[in-house]
Amino acid sequence: MICPSGLTPPLYHLLYLSLPLGAIYILLGLLYLLEWDKIYDCRYWSNNLWQPRAVLALLLFCAVKGIQLVLSHGPAAYNLKWRLAWTGITSVSKPGIFFLALAVYYGPVVILTAFLWRRYCRHVHQWGLGMTLCVILAFLQTLCSESRGLNNMFPLLVAPIMKVIDGLDWKRVHYGILAGLSIFASKFWLTMSVDSSGDLLTFPGQYLGMNVGPWMANSTYLVQGGAMLLIGLLIYGMFPLTGPKGT
(Lines give C-alpha, C1' and ligand atoms only; values in the text may rest on other atoms or scores of the structure.)
Protein backbone atom coordinates (compact mmCIF):
# COMPACT_ATOMS: atom_id res chain seq x y z
CA MET A 1 0.00 0.00 0.00
CA ILE A 2 1.47 3.38 -1.03
CA CYS A 3 0.49 6.38 1.10
CA PRO A 4 0.32 9.72 -0.75
CA SER A 5 2.73 12.35 0.55
CA GLY A 6 1.36 14.87 3.03
CA LEU A 7 -0.83 12.37 4.89
CA THR A 8 -0.30 10.82 8.29
CA PRO A 9 1.72 7.63 7.64
CA PRO A 10 -0.46 4.54 8.15
CA LEU A 11 0.22 2.27 11.12
CA TYR A 12 1.16 -0.72 9.00
CA HIS A 13 1.90 -2.92 12.01
CA LEU A 14 -1.77 -2.55 13.06
CA LEU A 15 -3.30 -3.52 9.73
CA TYR A 16 -4.22 -6.87 11.24
CA LEU A 17 -6.64 -4.89 13.42
CA SER A 18 -7.62 -2.10 11.00
CA LEU A 19 -8.72 -4.40 8.18
CA PRO A 20 -11.08 -6.63 10.24
CA LEU A 21 -12.61 -3.56 11.93
CA GLY A 22 -13.43 -2.05 8.55
CA ALA A 23 -14.89 -5.33 7.27
CA ILE A 24 -17.03 -5.86 10.39
CA TYR A 25 -18.27 -2.26 10.21
CA ILE A 26 -19.43 -2.64 6.60
CA LEU A 27 -20.94 -6.09 7.09
CA LEU A 28 -22.94 -5.15 10.20
CA GLY A 29 -24.09 -1.85 8.72
CA LEU A 30 -25.29 -3.42 5.48
CA LEU A 31 -26.87 -6.33 7.35
CA TYR A 32 -29.52 -4.04 8.82
CA LEU A 33 -29.78 -1.73 5.82
CA LEU A 34 -30.57 -4.73 3.62
CA GLU A 35 -32.92 -6.29 6.19
CA TRP A 36 -35.95 -5.23 4.17
CA ASP A 37 -38.05 -7.59 2.04
CA LYS A 38 -39.02 -4.94 -0.51
CA ILE A 39 -35.47 -4.33 -1.60
CA TYR A 40 -35.45 -7.84 -3.07
CA ASP A 41 -38.84 -7.40 -4.80
CA CYS A 42 -38.36 -6.71 -8.54
CA ARG A 43 -41.95 -5.51 -8.87
CA TYR A 44 -41.39 -2.94 -6.11
CA TRP A 45 -38.31 -1.68 -7.94
CA SER A 46 -40.11 -1.36 -11.26
CA ASN A 47 -43.10 0.41 -9.69
CA ASN A 48 -40.80 2.97 -8.07
CA LEU A 49 -38.35 3.49 -10.90
CA TRP A 50 -41.10 4.19 -13.42
CA GLN A 51 -42.67 6.90 -11.31
CA PRO A 52 -42.67 10.31 -13.08
CA ARG A 53 -40.45 11.80 -10.37
CA ALA A 54 -37.90 9.01 -10.75
CA VAL A 55 -37.79 9.43 -14.54
CA LEU A 56 -37.45 13.20 -14.13
CA ALA A 57 -34.57 12.74 -11.68
CA LEU A 58 -32.82 10.39 -14.12
CA LEU A 59 -33.24 12.87 -16.99
CA LEU A 60 -31.91 15.68 -14.80
CA PHE A 61 -28.90 13.58 -13.84
CA CYS A 62 -28.16 12.79 -17.50
CA ALA A 63 -28.51 16.47 -18.42
CA VAL A 64 -26.03 17.52 -15.71
CA LYS A 65 -23.53 14.86 -16.78
CA GLY A 66 -23.93 15.95 -20.39
CA ILE A 67 -23.21 19.58 -19.51
CA GLN A 68 -20.15 18.49 -17.53
CA LEU A 69 -18.80 16.56 -20.51
CA VAL A 70 -19.26 19.55 -22.80
CA LEU A 71 -17.69 22.10 -20.46
CA SER A 72 -14.92 19.98 -18.95
CA HIS A 73 -11.34 19.75 -20.21
CA GLY A 74 -11.06 16.00 -20.27
CA PRO A 75 -11.38 13.23 -17.65
CA ALA A 76 -11.10 14.35 -14.04
CA ALA A 77 -8.14 13.23 -11.96
CA TYR A 78 -10.47 12.56 -9.01
CA ASN A 79 -12.52 9.85 -10.68
CA LEU A 80 -14.17 6.73 -9.29
CA LYS A 81 -10.92 4.77 -9.39
CA TRP A 82 -9.19 7.47 -7.36
CA ARG A 83 -12.08 7.62 -4.89
CA LEU A 84 -11.98 3.85 -4.27
CA ALA A 85 -8.21 3.88 -3.75
CA TRP A 86 -8.45 6.92 -1.46
CA THR A 87 -11.20 5.27 0.59
CA GLY A 88 -9.16 2.09 0.95
CA ILE A 89 -6.02 3.91 2.08
CA THR A 90 -7.69 6.28 4.52
CA SER A 91 -9.98 3.66 6.05
CA VAL A 92 -7.18 1.45 7.40
CA SER A 93 -4.47 3.98 8.22
CA LYS A 94 -5.33 3.51 11.91
CA PRO A 95 -7.74 1.07 13.62
CA GLY A 96 -11.28 2.43 13.40
CA ILE A 97 -10.12 5.80 12.05
CA PHE A 98 -13.12 5.99 9.71
CA PHE A 99 -15.61 5.95 12.59
CA LEU A 100 -13.54 8.17 14.87
CA ALA A 101 -13.15 10.77 12.11
CA LEU A 102 -16.89 10.65 11.47
CA ALA A 103 -17.67 11.22 15.16
CA VAL A 104 -15.05 13.97 15.49
CA TYR A 105 -16.36 15.82 12.44
CA TYR A 106 -20.12 15.46 13.00
CA GLY A 107 -20.32 14.98 16.75
CA PRO A 108 -21.90 12.54 19.26
CA VAL A 109 -24.96 12.04 17.03
CA VAL A 110 -22.77 9.58 15.11
CA ILE A 111 -22.19 7.48 18.22
CA LEU A 112 -25.89 7.67 19.09
CA THR A 113 -26.80 6.50 15.58
CA ALA A 114 -24.45 3.52 15.93
CA PHE A 115 -26.21 2.45 19.15
CA LEU A 116 -29.62 2.80 17.45
CA TRP A 117 -28.58 1.56 14.01
CA ARG A 118 -31.14 -1.22 13.60
CA ARG A 119 -34.03 1.05 14.53
CA TYR A 120 -32.52 3.78 12.35
CA CYS A 121 -32.56 1.42 9.35
CA ARG A 122 -36.22 0.55 9.95
CA HIS A 123 -37.14 4.24 9.73
CA VAL A 124 -35.11 4.57 6.54
CA HIS A 125 -37.02 1.65 5.01
CA GLN A 126 -40.33 3.30 5.87
CA TRP A 127 -39.33 6.26 3.67
CA GLY A 128 -39.02 4.11 0.59
CA LEU A 129 -36.58 2.78 -1.96
CA GLY A 130 -34.95 6.09 -2.87
CA MET A 131 -34.11 6.97 0.72
CA THR A 132 -32.80 3.46 1.38
CA LEU A 133 -30.50 3.55 -1.64
CA CYS A 134 -29.21 7.01 -0.68
CA VAL A 135 -28.41 5.86 2.86
CA ILE A 136 -26.66 2.72 1.57
CA LEU A 137 -24.49 4.83 -0.72
CA ALA A 138 -23.73 7.32 2.06
CA PHE A 139 -22.95 4.53 4.52
CA LEU A 140 -20.39 3.02 2.14
CA GLN A 141 -18.79 6.45 1.84
CA THR A 142 -18.36 6.66 5.62
CA LEU A 143 -15.55 4.12 5.28
CA CYS A 144 -13.42 6.99 3.94
CA SER A 145 -11.96 8.85 6.92
CA GLU A 146 -12.15 12.18 5.08
CA SER A 147 -15.60 12.64 6.57
CA ARG A 148 -16.19 16.10 5.13
CA GLY A 149 -17.01 14.36 1.85
CA LEU A 150 -20.44 13.59 3.35
CA ASN A 151 -21.39 17.23 3.93
CA ASN A 152 -23.94 17.18 1.11
CA MET A 153 -25.59 14.02 2.49
CA PHE A 154 -25.47 14.73 6.20
CA PRO A 155 -28.81 16.61 6.51
CA LEU A 156 -30.53 13.65 4.84
CA LEU A 157 -28.80 11.17 7.15
CA VAL A 158 -29.74 13.07 10.31
CA ALA A 159 -33.49 13.01 9.64
CA PRO A 160 -34.03 9.29 10.49
CA ILE A 161 -32.12 9.48 13.79
CA MET A 162 -34.31 12.41 14.81
CA LYS A 163 -37.37 10.23 14.23
CA VAL A 164 -35.80 7.41 16.25
CA ILE A 165 -35.05 9.74 19.16
CA ASP A 166 -38.62 11.05 19.03
CA GLY A 167 -39.81 7.51 19.74
CA LEU A 168 -37.64 7.06 22.83
CA ASP A 169 -38.58 7.89 26.39
CA TRP A 170 -36.21 10.83 26.73
CA LYS A 171 -36.53 13.59 29.30
CA ARG A 172 -35.41 17.16 28.92
CA VAL A 173 -32.20 16.32 30.72
CA HIS A 174 -31.24 13.84 27.99
CA TYR A 175 -31.66 16.45 25.26
CA GLY A 176 -29.67 18.88 27.39
CA ILE A 177 -26.83 16.42 27.91
CA LEU A 178 -26.71 15.57 24.19
CA ALA A 179 -26.62 19.27 23.33
CA GLY A 180 -23.84 19.85 25.85
CA LEU A 181 -21.79 16.93 24.53
CA SER A 182 -22.26 18.18 20.98
CA ILE A 183 -21.11 21.67 21.90
CA PHE A 184 -18.08 20.23 23.70
CA ALA A 185 -17.22 17.93 20.77
CA SER A 186 -17.47 20.83 18.32
CA LYS A 187 -14.26 22.27 19.87
CA PHE A 188 -15.70 25.76 19.55
CA TRP A 189 -12.80 27.11 21.63
CA LEU A 190 -10.15 25.78 19.22
CA THR A 191 -8.45 28.30 16.96
CA MET A 192 -7.77 26.83 13.51
CA SER A 193 -6.58 29.95 11.67
CA VAL A 194 -3.67 28.19 9.95
CA ASP A 195 -2.49 27.91 6.36
CA SER A 196 -4.15 24.78 4.93
CA SER A 197 -1.36 24.50 2.36
CA GLY A 198 1.25 24.07 5.12
CA ASP A 199 2.19 21.08 7.24
CA LEU A 200 -1.03 19.74 8.76
CA LEU A 201 0.67 16.85 10.58
CA THR A 202 2.36 18.99 13.23
CA PHE A 203 1.10 21.87 15.35
CA PRO A 204 -0.16 24.49 14.69
CA GLY A 205 -1.32 22.91 11.41
CA GLN A 206 -2.58 19.89 13.34
CA TYR A 207 -5.25 22.09 14.92
CA LEU A 208 -6.91 21.84 11.50
CA GLY A 209 -5.65 18.41 10.47
CA MET A 210 -6.84 16.68 13.65
CA ASN A 211 -10.45 17.12 12.48
CA VAL A 212 -9.99 15.20 9.21
CA GLY A 213 -8.97 11.53 9.25
CA PRO A 214 -6.14 11.44 6.68
CA TRP A 215 -4.30 14.26 8.49
CA MET A 216 -5.01 13.16 12.07
CA ALA A 217 -1.70 12.60 13.87
CA ASN A 218 -1.16 9.62 16.15
CA SER A 219 -1.27 11.75 19.30
CA THR A 220 -4.55 13.49 18.42
CA TYR A 221 -5.96 10.14 17.26
CA LEU A 222 -5.40 8.75 20.76
CA VAL A 223 -6.69 11.82 22.58
CA GLN A 224 -9.82 12.20 20.46
CA GLY A 225 -10.39 8.45 20.47
CA GLY A 226 -10.34 8.46 24.26
CA ALA A 227 -12.72 11.42 24.40
CA MET A 228 -15.19 9.79 22.01
CA LEU A 229 -14.98 6.52 23.95
CA LEU A 230 -15.94 8.36 27.14
CA ILE A 231 -18.80 10.12 25.35
CA GLY A 232 -19.98 6.76 24.02
CA LEU A 233 -19.92 5.21 27.50
CA LEU A 234 -21.82 8.21 28.87
CA ILE A 235 -24.51 7.93 26.19
CA TYR A 236 -24.82 4.17 26.65
CA GLY A 237 -25.03 4.43 30.43
CA MET A 238 -27.32 7.44 30.83
CA PHE A 239 -29.65 7.47 27.82
CA PRO A 240 -32.73 5.27 27.25
CA LEU A 241 -31.86 3.48 24.01
CA THR A 242 -34.65 0.90 23.88
CA GLY A 243 -38.41 0.95 23.92
CA PRO A 244 -40.78 3.47 22.35
CA LYS A 245 -42.67 6.03 24.35
CA GLY A 246 -45.63 4.69 26.22
CA THR A 247 -44.41 1.08 26.32
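Parameters at a glance
- Residues numbered from 1 in each chain as written.
- Predicted model: local features only at pLDDT ≥ 70, side-chain atom pairs only at ≥ 80, totals over all residues.
- Heavy atoms only, no water.
- Phe/Tyr/Trp six-rings, centres within 6.5 Å; stacked < 30°, edge-to-face > 60°.
- Helix = DSSP H or I, 4+ residues; strand = E, 2+ residues; numbered from the N terminus.
- Buried < 20%, exposed > 50% of the residue type's maximum accessible area, 1.4 Å probe, protein only.
- Lys NZ or Arg CZ within 6 Å of the ring centre and 35° of its normal.
- Salt bridge = Lys/Arg side-chain N within 4 Å of Asp/Glu carboxyl O.
- 1 Å grid on protein atoms, 1.4 Å probe; cavity = no way out; pocket = protein on both sides within 12 Å on 5 of 7 lines; lining within 4 Å.
- Points joined across faces, edges and corners; volume = space filled by probe spheres on them.
- Nonpolar A, V, L, I, M, F, W, Y, C, P; charged D, E, K, R; others polar.
- Axes fitted to C-alpha atoms, helices over the stretch in contact; angles between N-to-C directions.
- Parallel < 35°, antiparallel > 145°, perpendicular 65-115°, else oblique.
- Contact = heavy atoms within 4.5 Å.

Enquirer: Where do I start with the packing of aromatic side chains in this structure?
Expert: Any pair of aromatic rings gets described here by the distance separating the centres and the angle formed by the planes. Counted under the stated rule, the structure contains 17 aromatic pairs. Between Trp 117 and Tyr 120, the aromatic rings sit 5.0 Å apart at their centres with planes inclined by 15 degrees, giving stacked as the arrangement. In this pair, Trp 117 and Tyr 120 are both assigned in helix α7 (residues 117–126), 3 residues apart and thus about one turn of the helix distant. On the basis of relative accessibility, which here comes to 3%, the residue Tyr 120 falls in the buried class. When the centroid spacing of 5.7 Å and the interplanar angle of 35 degrees are considered together, the rings of Phe 184 and Trp 189 count as tilted. Over the aromatic face of Tyr 221 sits the side chain of Lys 94, whose NZ or CZ is 6.0 Å from the ring centroid.

Enquirer: Got a minute to help me understand the pattern of salt bridges in this structure?
Expert: Side chains carrying opposite charge are able to pair once their charged atoms draw close together. Under the defined criterion, the tally for this structure stands at 3 salt bridges. In this structure, the salt-bridge partner of Asp 169 is Lys 171, at a minimum N-O distance of 3.7 Å.

Enquirer: Just to check I follow, could you spell out empty space enclosed by the protein for this structure?
Expert: The rolling of a water-molecule-sized probe over the atoms marks out the regions of remaining empty space. Under the counting rule described, the total for this entry stands at 1 cavity of 30 Å³ or more. Considering only enclosed or pocket space, the largest cavity measures out at about 60 Å³ in volume. Along the walls of the largest cavity sit 10 residues, with Leu 7, Thr 8, Thr 90, Ser 93 and Pro 214 positioned nearest its centre. Residue composition of the lining of the largest cavity, grouped by class: 5 nonpolar, 4 polar and 1 charged.

Enquirer: Help me out: how do you make sense of the packing of α7 against helix α8 (residues 129–141) in this one?
Expert: How two helices sit against one another is set out by the angle between their axes and by the gap between those axes. Between α7 and α8, whose axes approach to 8 Å, the crossing angle comes to 140 degrees. It follows from the interaxial angle that α7 and α8 lie oblique. On α8, the residues touching Trp 117, Tyr 120, Val 124 and His 125 of α7 are Met 131, Thr 132, Val 135 and Phe 139. Grouping the constituent residues of the contact of α7 with α8 by class yields 6 nonpolar, 2 polar and no charged.

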